[in-house]
Amino acid sequence: MNSKNKEVLALAIGIALLPPIWAVLAPYIGITTGAVALICAGLYVTNGNKVEDGMKIMFGFLCGDLWAVLAIYAMKYLNLNPNLELFLILCILGFLAVLIGSALHKFIFLPSWLCGWAIGLTIISPQDISSVLPLAVQIAVAMIVGVWYVGAGVDLFTKFILKNK
């Protein structure tokens, strides 16, 4: 078997084992947003499986989760025209995310901030306001798991398999 096929097979085994373990365990620890981990792992992998960027990526996702909470609360308590309100909140928070993320680029990966924000908004916005914080915590846990267990973990597992073959 050539080296490319070995890499594909090792990756397939890693993907077949590690994410399903998380999918099975997540509900037992109160995480209903477990699939978020796969999205976050995807961005980690797209960045080149760089463990050295893992913290920046994770912090970016967590900033995005916080941004989603801020946006949801702002939409709840502002009483403007809904379209104007949505536009202003997304405009201001998007502008600030880019400025802050760019200024703190050594600590925050801006693409993960923006993805995390979209993930949070997608999951939280249809829910009752009383669900915002519990869901945000679940999303944060799934984001961390996505970067470290699914993203870095599958990469480490794959490298381990290839080294021992």
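Preceding block: the structure.
Report on the accompanying structure.

Thresholds applied
Residues numbered from 1 in each chain as written. Predicted model: local features only at pLDDT ≥ 70, side-chain atom pairs only at ≥ 80, totals over all residues. Heavy atoms only, no water. Helix = DSSP H or I, 4+ residues; strand = E, 2+ residues; numbered from the N terminus. Buried < 20%, exposed > 50% of the residue type's maximum accessible area, 1.4 Å probe, protein only. Contact = heavy atoms within 4.5 Å. 1 Å grid on protein atoms, 1.4 Å probe; cavity = no way out; pocket = protein on both sides within 12 Å on 5 of 7 lines; lining within 4 Å. Points joined across faces, edges and corners; volume = space filled by probe spheres on them. Nonpolar A, V, L, I, M, F, W, Y, C, P; charged D, E, K, R; others polar. Lys, Arg positive; Asp, Glu negative; His and termini not counted. Salt bridge = Lys/Arg side-chain N within 4 Å of Asp/Glu carboxyl O.

**Considering the overall build of the protein chain**
Point 1. Per the secondary structure count, the protein chain includes six helices and zero strands.
Point 2. Starting at the N terminus, the α and β elements of the protein chain follow one another as α-α-α-α-α-α.
Point 3. In terms of its C-alpha atoms, the protein chain occupies a principal-axis envelope of roughly 65 × 35 × 20 Å.
Point 4. Every one of the 165 residues in the protein chain was classed for burial, and the buried ones make up 40%.
Point 5. Within the protein chain, counting contacts between residues at least 6 apart in sequence, those at least 24 apart form 76% of the total.

**Some words on the layout of surface pockets**
Point 1. Empty space within the largest pocket amounts to approximately 290 Å³.
Point 2. Forming the boundary of the largest pocket are 17 residues, of which Leu11, Ile15, Val45, Asn49 and Val154 lie nearest the centre.
Point 3. Those elements that provide at least two residues to the lining of the largest pocket are helix 1 (3-25), helix 2 (36-46) and helix 6 (132-163).
Point 4. By residue class, the composition of the lining of the largest pocket is ten nonpolar, four polar and three charged.

**What about the side chain of Glu85?**
Point 1. Assignment of secondary structure puts Glu85 in helix 4 (residues 82-103).
Point 2. Comment: no salt bridge for buried Glu85; closest opposite-charge side chain is Lys76, at 10 Å.
Point 3. Those residues in contact with Glu85, other than ones at most four positions away along the chain, are Met75, Leu78, Asn79 and Leu80.

**Notes on the pattern of salt bridges**
Point 1. On inspection of all chains with the given rule, the structure shows two salt bridges.
Point 2. Between Asp53 and Lys56 there is a salt bridge; the shortest N-O distance is 4.0 Å.
Point 3. The salt bridge involving Lys159 is made with Asp155; its shortest N-O contact spans 3.1 Å. Here Lys159 and its partner Asp155 are both found in helix 6, four residues apart, which amounts to about one turn of the helix.

**What to know about the environment of Val51**
Point 1. Along the chain, Val51 falls in the loop between helix 2 and helix 3 (54-77).
Point 2. Look at Val51 and you get partly exposed, because its relative accessible area is 48%.
Point 3. Between the C-alpha atom of Val51 and that of Ala26, which follows or precedes it by 25 residues, the distance is 23 Å.

**Examining the environment of Ile123**
Point 1. Mapped onto the elements, Ile123 comes out in helix 5 (residues 110-124).
Point 2. Expressed as a C-alpha distance, the spacing of Ile123 and Asn47, which sit 76 residues apart in the sequence, is 24 Å.
Point 3. For Ile123, the residues in contact, after removing those within four places along its chain, are Thr33, Val36, Leu135 and Ile139.

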